[in-house]
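# Overview (structure and organization)
The residues making up each chain are set out below.
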2 protein chains.
Amino acid sequence: MARIAFIGLGNMGGPMAANLVKSGHEVLGFDLAASVLKAAEASGVRAASHASQAVKDAEVIITMLPQGRHVLTAWTDILQTAAQDTLVIDCSTIDVESSRKAHEMAKAASCLSLDAPVSGGTGGASAGTLTFMAGGSDEAFARAKPILEAMGKKIVHCGEAGAGQAAKICNNMILGISMVGVCEAFVLAEKLGLSHQALFDVASTSSGQCWAINTYCPVPGPVPTSPANNGYKPGFAAALMLKDLRLSQEAALASGASTPMGAEAAQLFALFEKQGNGGRDFSAIIEMFREKV
Amino acid sequence: MARIAFIGLGNMGGPMAANLVKSGHEVLGFDLAASVLKAAEASGVRAASHASQAVKDAEVIITMLPQGRHVLTAWTDILQTAAQDTLVIDCSTIDVESSRKAHEMAKAASCLSLDAPVSGGTGGASAGTLTFMAGGSDEAFARAKPILEAMGKKIVHCGEAGAGQAAKICNNMILGISMVGVCEAFVLAEKLGLSHQALFDVASTSSGQCWAINTYCPVPGPVPTSPANNGYKPGFAAALMLKDLRLSQEAALASGASTPMGAEAAQLFALFEKQGNGGRDFSAIIEMFREKV
């Protein structure tokens, strides 16, 4: 069992660290918010007074933070204290450029590094069923895998530094686009007098099939487990989908890729968030395409 | 076995009529193009000299024509000759408004009617494995079903008059949108140094999964049967996807539905067609997002 430092113990990091403790690892945690750190202690995480105290003598360091700038600040701090050959894993979803910068910093400090953003949300974090999309060397991946397995059920090595972030934003760009497409199609069907069930029956079994309709149907009825049946309680919050779509557009701009539908999806989720819907499930965007009554 | 009139014996109608003959039906066919009519004769269709000759004494009439105006013209002609209680089935993909008008005309002539557009392309038409999406009364559907089963393997009753057309354009709008989304994601992945296989492995097994990536992957390799492995030979031609997307946008305009992504997809396929790609498979639109080399 490893001695692991865990920086960022919020909605995702908290339950992930708790699962590491359950698997028998020794986890030293740090979070800027005292209340969050206290909550983590209840699940067996040992609280550190600052990040460098947490990472001292750690074999593995994990960060789970909101944005690229937080990760770069944290890694700058961490890498001053971390011993050579420490494995540093960033599980945050951040921009590809910052992720690659973080890898370079780790290399300069003679540490191994991995970007390993997750999908599966807070439910997956609690249940230990997250998917990890990892970018980094074979050696870093091999060392990280057994640690990540304590928190997830699917660990995919996507390629070199930044490839995990790239896979996540490309996947979520497809998801954001297809969800909006499915929502538009359901509203068009309503206007044309075609029932939700009829469109579901056709599309979910033919060329319109996609996760956004088959698994996460944005209207109540056809898929009983989808958030549409539960008042659009997330699930996957619209604000987080917007964050991922914006990351995809930053990456497209920086790399020179042309993504008109990705851009449109980002704009539509931005409108939806501005209307006060950031905390609702992202499939609730279907309501934006309907008349307000 | 029924006496069936079949009007419109082109790329789709020809093989469909041939399958009716194979099932033992008596098929009288008509097409404005003499060469097309002659080709149909080779498969056992009896050639009529005009539409009204074909429909005389027919128990079932099937039309398979390019656009709504062709269907309305043909049905005006047909319904003057058809006996009361004849079942008239339109298998064309046309606009919902024209389809509903055709149903009304049939009702006024005391005929039963069904709109039953198909998916599955010319391959499905030849193999007899089409999907039919049907709109009309229960009685019309019940009478049509055994006839349609000679040409397809899945027959879905979607609702009342026009519901078949509505289901088809809603489904194909989802397909057009998700295909563009998948293409944009692959090109973004290329720019970010993420391999096609890595993106496929992640997206096809998680929330990015959709028919456009899992079954019809627009890059060669991951799905060996997709047109990307065959120089983008259709498959489903870009011009036909554009037609369906335009029908969805006509329906959205006429019914007051808001479909920004559907509109964007229609515009992108229009650009792609203008560049001379109408006859290529619709998944070739990925090339429009890449630098020309």
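Residues numbered from 1 in each chain as written. Chains lettered and ligands numbered in written order. Predicted model: local features only at pLDDT ≥ 70, side-chain atom pairs only at ≥ 80, totals over all residues. Heavy atoms only, no water.

Named according to an unreviewed UniProt entry, chain A is 3-hydroxyisobutyrate dehydrogenase originating from Rhizobium hidalgonense. The Catalytic activity (unreviewed entry) comment attached to chain A in UniProt states, word for word, "3-hydroxy-2-methylpropanoate + NAD(+) = 2-methyl-3-oxopropanoate + NADH + H(+)". Quoted verbatim from the Sequence similarities (unreviewed entry) field of the UniProt record, the comment on chain A reads "Belongs to the HIBADH-related family." (UniProt positions renumbered as here; feature names shortened; annotations may be inferred.)

Our next topic: the packing of helix α9 (residues 196-203) of chain A against helix α8 (residues 163-192) of chain B. Between α9(A) and α8(B), the shortest axis-to-axis distance is 10 Å and the interhelical angle comes to 55 degrees. Relative to α8(B), α9(A) is oriented oblique. Like other packed secondary-structure pairs, α9(A) and α8(B) cross with a definite hand, here right-handed. Facing A:Leu199, A:Val202 and A:Ala203 of α9(A), the residues of α8(B) in contact are B:Ala167, B:Cys170, B:Asn171 and B:Ile174. In the contact of α9(A) with α8(B), the residues fall into six nonpolar, one polar and no charged. (Axes fitted to C-alpha atoms, helices over the stretch in contact; angles between N-to-C directions. Helix = DSSP H or I, 4+ residues; strand = E, 2+ residues; numbered from the N terminus. Parallel < 35°, antiparallel > 145°, perpendicular 65-115°, else oblique. Left-handed = near helix turned anticlockwise from the far one by under 90°. Contact = heavy atoms within 4.5 Å. Nonpolar A, V, L, I, M, F, W, Y, C, P; charged D, E, K, R; others polar.)

Residue and element names in this part refer to chain A. Every buried residue belonging to helix α7 (residues 138-148) is among Ala-140, Phe-141, Ala-144, Ile-147 and Leu-148, and all of these are buried. Taken down its axis, α7 places every buried residue within 120 degrees of arc, on the same side. In α7, the exposed residues that point more than 90 degrees away from the buried face are Asp-138 and Ala-142. (Buried < 20%, exposed > 50% of the residue type's maximum accessible area, 1.4 Å probe, protein only. Arc of directions from axis to C-beta.)

The subject of this paragraph is the packing of aromatic side chains. Scanning the entire structure with this criterion turns up eight aromatic pairs over all chains. Ring geometry for B:Tyr216 versus B:Phe282: centroids 5.5 Å apart, planes at 40 degrees, classification tilted. Here the residue B:Tyr216 occupies a position in the loop between α10 (211-214) and α11 (238-255), and B:Phe282 occupies one in the segment after α12 (260-277), the gap between them amounting to 66 residues. Chaining the aromatic ring pairs together yields one cluster made of A:Trp211, A:Tyr216, A:Phe236, A:Phe269 and A:Phe282. (Phe/Tyr/Trp six-rings, centres within 6.5 Å; stacked < 30°, edge-to-face > 60°.)

A few words on the interface of chain B and chain A. With 55 residues of chain B at the contact, the number on the chain A side is 55 residues. Here chain B packs against chain A, burying approximately 4600 Å² in sum over the two surfaces, 71% of which is carbon and sulfur. Three residues stand out in chain B for area buried against chain A, namely B:Ile174, B:Leu192 and B:Met261, and they jointly supply 15% of the buried area on that side. Between chain B and chain A we count zero salt bridges in total. Our count for the chain B to chain A interface comes out at 16 residue pairs in polar contact (both at pLDDT 80 or more). The element that contributes the greatest number of residues to the side of chain B that touches chain A is α8(B), accounting for 21 residues. Each residue belonging to the side of chain B that touches chain A can be placed in one class, and the counts come to 34 nonpolar, 15 polar and six charged. (Buried area = accessible area lost by both parts, 1.4 Å probe. Salt bridge = Lys/Arg side-chain N within 4 Å of Asp/Glu carboxyl O. Polar contact = N/O pair within 3.5 Å; in protein donor to acceptor, adjacent residues only side chain to side chain.)

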